[in-house]
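# Chains, contacts and geometry: an overview
These are the residues of each chain, in order.
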Amino acid sequence: MRVLGIDPGLRILGWGVIEAEGNRLSHVANGQIGSGAGDLAPRLLSLHGQLVELIAAYAPAAAAIEQTFVNRDGAGTLKLGQARGVALLALAQAGLSIGEYAPNAVKKTVVGVGHADKRQIDHMVRMQLPGADPVGPDAADALAIAMCHAFHCAGRPMAHRIKA
């Protein structure tokens, strides 16, 4: 099963594609897409277009996305939620089943602790996906999200799974 992981963001959206065969995972590709600067609507449109192209290029069978966490910056959280909504739209338009995971659940699954930092996530992604060289922390997070989804789809319960 090919899984596309998405670490949503308006400025930088990380993505990672893995192949899962049972408990065996392999790296396919990863990257980061950006929306530039300026007005919100054109930036969201840019993210959507880039995601549609990405989905067409890698033809995933499933997708996973990180849930939004609320921080002190209400405006920033709202913009993140809008970028996440655009990502969910692109995934749903492609007819993909979508797993949604809290950041701590992803960290616990991939690293073993729910409060791992970015370096630990990058390290474990590289260890568990030989040959993976994430282009940045958002891409490493996206690969971890895809790994979390593959782990849960391999027979373990998945609390936040939806069908698009």
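Residues numbered from 1 in each chain as written. Predicted model: local features only at pLDDT ≥ 70, side-chain atom pairs only at ≥ 80, totals over all residues. Heavy atoms only, no water.

### Here we look at the confidence of the model for the protein chain
What counts is decided by this rule: On a scale of 0 to 100, pLDDT captures the predictor's confidence in every residue. Runs of E in the DSSP output that reach at least two residues are strands. Runs of H or I that reach at least four are helices, and both are numbered from the N terminus. Note on contacts: a residue pair qualifies if any of its non-hydrogen atoms lie within 4.5 Å across the two residues.
Within the protein chain, residue pLDDT values average 90, and 94% of them lie at 70 or more. Highest mean pLDDT in the protein chain belongs to strand β1 (residues 2–7) (98); lowest belongs to strand β6 (residues 161–163) (36). Below a pLDDT of 50 lies the segment residues 156–164, which in the model reaches 22 contacts outside its immediate sequence neighbourhood of four places, other chains included.

### Describing the pairing of strand β2 (residues 12–21)
The condition that has to hold: Working definition: with a 1.4 Å probe on protein chains only, accessible area under 20% of the residue-type maximum means buried, over 50% means exposed, and in between means partly exposed. Pairing between strands requires that DSSP locate at least two bridges from one strand to the other.
With 7 of 10 residues buried, β2 is to be regarded as a mostly interior element. For β1 and β2, the ladder comprises 6 bridges, and the chain directions are antiparallel. The residue of β2 that forms the bridge with Leu4 is Val17. Counting the residues between successive antiparallel strands, the hairpin from β1 to β2 contains 4 residues. Pairing of β2 with strand β3 (residues 24–34) involves 10 bridges; the strand directions are antiparallel. In the sheet register, Glu21 faces β3, and the bridge partner there is Arg24.

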